[in-house]
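Results of the structural survey
One letter stands for each residue in the lines below.
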Amino acid sequence: MRAIVWIILAVWLPAAGAWAQGRRPMTVAELVTYKGPDREQMLYAGARSEGKVVWYTSLAGASYKAMAKAFENKYAGVQVEVFRASGSDLTTRMIEETKGRRNIVDTVETTEGNLMFMRDAFLLRPYHSPHFASYPEEAKQRAEKGLFFWAIARESYIGFAYNKKLVPQAAVPKDFSGLLHPALKARMGVTLDDPTSKVIGAILKTKGRELVNKLKAQEIAAHAIIPPALLDLIAAGEVAASPAIFRNHVIVAVEKGAPVDWVPLDLVPTNVGGAAIAAQPPHPHAALLFADFLLGPDGQGLLEKYHYGNAARNYGFKRWRPEHGSTTEKYEKDLLSWEKLVREITRR
């Protein structure tokens, strides 16, 4: 028996050594599964030959430019070509490129709802990253054969923002029921977009339709602007508060001296962005190297500087991803019903 084992090892070991020392994964299908200890060096060598990575992202502000620069500084000779747009625009763009048989994008970073659409449209390829092990299971979208479609690279939390000079501490809500405080009547505002709709979804999930109906008596003003612009109105004192403002925007405003603060309520709707690989990346080594960078210590450390949350960290409040575990059809239906409620309970 021992002799048989030695014969098998004698045949197998040279082949394994050849993989580690000489033969390298060549096809995209081989690359996305590669777990060798020389992964980073192998991907970097391939990426340098490819020369660039094309990155589609919906990261806002200066963060995505800083991410590209940090990657180029670490991996000299690999240029990052960035296209920044909303998640829905990225999805539309990738669908049109696929129809035209144009393989342009390598790595994608965008919101989970849009990643779901991309996955269902066969625009993404499952892959392995050594950094997946650092993320909780609920922060990854599992595929077959131990691979994943994406992992959550950043989180943004939606909660109650207020002007500390206008809202007395006793009126600052501790939960969704606190939004009915008399001191907040006719003094709150919301935007007509996804963050507000998700707050309505969170209220329905935790308190039910009755509380949503009661909010109409609070005479909440609807503003056709984006959440950061509404936060500017709160900082300027034109609006006292809003239940649908991103935590990271408030942190930035506070750093600039604005008299605002942010508190989480019962359930914190959480916008997340995941790192994924295109189905047919024209620069596969660079695509995987960049995804590893986004999910690893370098990328995560940079995103934390821009006050994005980390999926593996406990911030002391209960997070909720409305799209997580849902189908694209159900999520679309939920969003439409929440948007309808927002319009019903607010004033123009």
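Just above sits the structure.
Now for a quick tour of the structure. (Residues numbered from 1 in each chain as written. Predicted model: local features only at pLDDT ≥ 70, side-chain atom pairs only at ≥ 80, totals over all residues. Heavy atoms only, no water.)

This part covers the nonpolar core. With 58 residues, the main nonpolar core has Phe71 and Tyr127 as its most contacted residues. For this core, the element with the most residues is helix H11 (residues 284–295), which contributes nine residues. In contact with Phe71, not counting residues within four places along its chain, are Val53, Val78, Val80, Leu289, Phe290 and Phe293. By size, the runner-up hydrophobic cluster in this structure holds 33 residues, among which are Leu184, Ile203, Leu215 and Val263. (Core = buried A, V, L, I, M, F, W, Y, C linked by side-chain atoms within 4.5 Å. Buried < 20%, exposed > 50% of the residue type's maximum accessible area, 1.4 Å probe, protein only. Helix = DSSP H or I, 4+ residues; strand = E, 2+ residues; numbered from the N terminus. Contact = heavy atoms within 4.5 Å.)

To continue, consider the sheet that holds strand S13 (residues 346–347). The three strands lie next to each other as S7-S8-S13, forming an open sheet whose pairing is parallel. Across the chains shown, the open sheet's two edge strands, defined by having one partner strand only, are strand S7 (189–191) and S13. The strands that helix H9 (residues 227–236) touches are S7 and strand S8 (220–223); relative to S7, the one it contacts most, it runs at about 160 degrees. (Pairing = 2+ DSSP bridges. Axes fitted to C-alpha atoms, helices over the stretch in contact; angles between N-to-C directions.)

A few words on the packing of helix H4 (residues 63–74) against H11. Orientation of H4 relative to H11, taken along the N-to-C sense of each, is 115 degrees, at an axis distance of 11 Å. Considering the relative orientation of H4 and H11, their crossing is right-handed. The residues of H11 that touch H4, namely those facing Met67, Ala70, Phe71 and Lys74, are Leu289, Phe290, Phe293 and Leu294. When its residues are assigned to classes, the contact of H4 with H11 shows seven nonpolar, no polar and one charged. (Left-handed = near helix turned anticlockwise from the far one by under 90°. Nonpolar A, V, L, I, M, F, W, Y, C, P; charged D, E, K, R; others polar.)

All right, on to helix H7 (residues 194–206) then. The end-to-end C-alpha distance of H7, which contains 13 residues, comes to 18 Å, matching closely the 18 Å that a straight helix rising 1.5 Å per residue would cover. For H7, the complete set of buried residues consists of Pro195, Thr196, Ser197, Lys198, Val199, Ile200, Gly201, Ala202 and Ile203. In the stretch just after H7, Gly208 is the one whose phi turns positive, near 95 degrees. (Expected span 1.5 Å × (residues − 1).)

Read these as layout, nothing more, since geometry by itself doesn't imply function.
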